[in-house]
Amino acid sequence: MKLIHRLPLFLITGLAVVSCERRQDNITLPGQGGSEIELFVTDTLTFQAKTIDEDSLPGNGVSYFMLGELNDPILGRTKASIYADLDLIEPYADFPNTQEADSAILFIPSVEGLNNYGNILYPLKLNVYPLQQNIESGETYYQTDSFSIDETISTEYVGKLINVYTDSILYKNDTLNPYDGLKIKLSQDFANKLMSLPKEAYETNNGLDEHFKGIAIIPEGNNVAPSQGAIGVFDIHNTISLDYRAKILLYFGDSNTFVFGFSGKNQTVNKGETGPYPSEIREQLNEPDKHYTETYAQALSGVKTKIEVPYLYNLIAQGNVAIHKAEISFSVKNYDEFFFAPPRLSLFKPFSKSSNRNFLIEDAVTSTNYGGNYEETDGTYSFDITRH
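Residues numbered from 1 in each chain as written. Predicted model: local features only at pLDDT ≥ 70, side-chain atom pairs only at ≥ 80, totals over all residues. Heavy atoms only, no water.

Concerning the environment of Glu 283
In this fold, Glu 283 is placed in helix H3 (residues 279-286). When the C-alpha positions of Glu 283 and Thr 51 are compared, they lie 9.5 Å apart, and in sequence the two are 232 residues distant. (Helix = DSSP H or I, 4+ residues; strand = E, 2+ residues; numbered from the N terminus.)

What about the sheet that holds strand E7 (residues 86-88)?
Spatial ordering of the open sheet is given by E7-E18-E17-E8-E14, a layout of five strands whose pairing is antiparallel. Since the sheet does not close on itself, it has two edges, and those belong to E7 and strand E14 (181-185), each with one partner. On average, each strand axis in the sheet is inclined to that of its neighbour by 25°, with strand direction left out of account. Judged from the six bridges that link them, strand E17 (residues 247-252) and strand E18 (residues 256-262) form a sheet pairing that is antiparallel. Bridge assignment links Ile 248 to a residue of E18, and that residue is Phe 260. In the packing of helix H1 (residues 188-195) onto the sheet, the strands contacted are strand E8 (101-109), E17 and E18, and the crossing angle to E8 comes to about 95°. (Pairing = 2+ DSSP bridges. Axes fitted to C-alpha atoms, helices over the stretch in contact; angles between N-to-C directions. Contact = heavy atoms within 4.5 Å.)

Considerations on the nonpolar core
In this structure, Leu 106, Ile 215, Leu 250 and Phe 260 are the most contacted members of the largest nonpolar core, which totals 45 residues. Setting aside anything within four residues of it in sequence, one finds Phe 260 in contact with Leu 86, Asp 87, Leu 88, Ile 89, Leu 194, Tyr 202, Leu 208, Ala 246, Lys 247, Ile 248 and Leu 250. If you look at the next biggest cluster of nonpolar residues, it comprises 20 residues, including Leu 315, Val 321, Tyr 381 and Phe 383. (Core = buried A, V, L, I, M, F, W, Y, C linked by side-chain atoms within 4.5 Å. Buried < 20%, exposed > 50% of the residue type's maximum accessible area, 1.4 Å probe, protein only.)

Focus on unusual backbone geometry
The residue after Gly 275, namely Pro 276, is reached through a cis peptide bond having omega 5°. Positionally, Pro 276 belongs in the loop between strand E19 (268-274) and H3. The residue Asp 254 is not glycine, and still its phi comes out positive at about 70°. Along the polypeptide, Asp 254 turns up in the loop between E17 and E18.

Overview of H1
Regarding H1, the residues found buried are Phe 190, Ala 191, Leu 194 and Met 195. Around the axis of H1, the buried residues are gathered within 140° of arc, so they sit on the same side. Contacts from the buried residues of H1 go to E8, strand E10 (124-130), strand E11 (155-159), strand E15 (215-219), E17 and E18. (Arc of directions from axis to C-beta.)

What to know about the side chain of Asp 209
Inspection of the secondary structure assignment puts Asp 209 in helix H2 (residues 205-211). The side chain of Asp 209 sits in the buried core without any salt bridge; Lys 213 is the nearest counter-charge, 7.7 Å away. Dropping the residues within four chain positions of it, Asp 209 is found in contact with Asp 85, Leu 86 and Asn 134. (Lys, Arg positive; Asp, Glu negative; His and termini not counted. Salt bridge = Lys/Arg side-chain N within 4 Å of Asp/Glu carboxyl O.)

Looking at the packing of aromatic side chains
If you walk through the whole model with that rule in mind, you get 14 aromatic pairs. On the basis of an interplanar angle of 40° and a centroid distance of 5.0 Å, the ring pair of Tyr 83 and Phe 147 is categorised as tilted. With Tyr 83 in strand E6 (residues 76-84) and Phe 147 in the loop between E10 and E11, the pair connects residues that are 64 residues apart, well separated along the chain. Neither Tyr 83 nor Phe 147 differs from the other in exposure class; each is buried. Geometrically, the ring pair formed by Tyr 374 and Tyr 381 is tilted, given 5.1 Å between the ring centres and 45° between the ring planes. (Phe/Tyr/Trp six-rings, centres within 6.5 Å; stacked < 30°, edge-to-face > 60°.)

A short note on the pattern of salt bridges
Taken as a whole and assessed by the stated rule, the structure comprises four salt bridges. With a closest N to O distance of 3.1 Å, Asp 94 and Lys 199 form a salt bridge. Pair noted here: Asp 94 is in the loop between E7 and E8 and Lys 199 is in the loop between H1 and H2, with a separation of 105 residues, a long-range link. Lys 306 serves as the salt-bridge partner of Glu 308, at 4.0 Å between the closest nitrogen and oxygen.

Quick notes on a negative patch on the surface
On the surface, Glu 280, Glu 283, Glu 287 and Asp 289 cluster together to form a negatively charged patch. Mapping Glu 280 onto the fold places it in helix H3. When its relative accessible area of 45% is taken as the criterion, Glu 280 is described as partly exposed. (Patch = residues over 30% accessible without salt bridge, like charges linked within 9 Å, V, L, I, M, F, W, Y side chains within 5 Å. Areas by Shrake-Rupley, 256 points an atom, 1.4 Å probe, with all protein chains shown as cover. Charge placed at Lys NZ, Arg CZ, Asp CG, Glu CD.)

Let's talk about the confidence of the model for the protein chain
When pLDDT is averaged across the protein chain, the result is 82; 82% of the residues are at 70 or more. Per-residue pLDDT stays below 50 along residues 1-37; that stretch engages in 142 contacts with residues further than four places along the chain or on separate chains. (pLDDT = per-residue confidence, 0-100.)

A few points about the pairing of strand E21 (residues 302-308)
Burial within E21 is extensive, with seven of its seven residues counted as buried. Pairing analysis gives seven bridges linking strand E4 (residues 48-54) to E21, with the strands arranged antiparallel. In the strand pairing of E21, Asp 53 is matched with Val 303.

Notes on the environment of Leu 124
With respect to the helices and strands, the residue Leu 124 is situated in strand E10. The exposure class assigned to Leu 124 is buried, which follows from its relative accessible area of 3%. Linking Leu 124 and Tyr 157, residues 33 residues apart in sequence, is a C-alpha distance of 7.9 Å. Excluding residues within four positions of it along the chain, Leu 124 makes contact with Gly 68, Glu 69, Tyr 157, Val 158, Gly 159, Leu 161, Val 224, Gly 229 and Ala 230.

Below you can see the structure in the form of structure tokens.
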């Protein structure tokens, strides 16, 4: 395949926070022998690496959402909040909104499998607030966007992000099957707010959006100890069953239950906050023209590794060439039991030569050879970039 794309840089990102180290053999071009192919050795694929601060990652429309707060031993503080629009699962005509609520329970299921980073046993403080502005389904929001909240009505939760539940959840005269995740009993004021909306709020989603804009779940510990804290991964938009889906259950009148669902990934926004960074990272961010043998990458908005291949076109200085295979590899250092190397990183391509905005390369969703998985035997991530 001819290498004709101009790829001035790549971006590395993933679920967790890692430190990457460049090695001499990071880029390899295994050749295919034979009388019809002339093999040669070239250093034109020398690449340059540095750490950049990515501040324009989309916050909505993603598959899963992160929540929590941690103090990483290498990268400092990271905080992930969730802002979500609600909808009606079972519209209710002539809802008895003059009654007092018995209670209200917020439940969000965690993603099965690897669903946390950091010390998941660390007790975090979360606050739940009503939103004061709508999240529009047709808008693109970024992880730096903020939303106004009603701080006069709140619920404080202190505990683990992800819990294993075995007790079923009460629903009308029946029960719902338990799933692991985050379950918070909302304050009585919060429950009464949900109970006392105008009747049209319980009849249509437009009515609900008019009178209740949604909820915000915000970590507010601020004093997470070094090498402590956690970020969990949650499934907001899956609606496979009422048992599993993210929801708020409002209880009233002994055995009555009204359920608010989450509107889905387009109307749920992840807000990411990172920093302040340690001096080693600040040095790289303050010297954007320098390149380094050791760089950094983390999830959410925050630092990423930027790769440049300045002499790439030298490959075709004497005419077109055929590339049997091109691979880029990154080794990882400085991780432990809690702040571990993530099982997968992603490789991105910029919108333009000077842009830090980026998009996932096509092979990530169309090719089984894309790579990016962590190889425990040698501590590396490798990507097949032959077609690029």
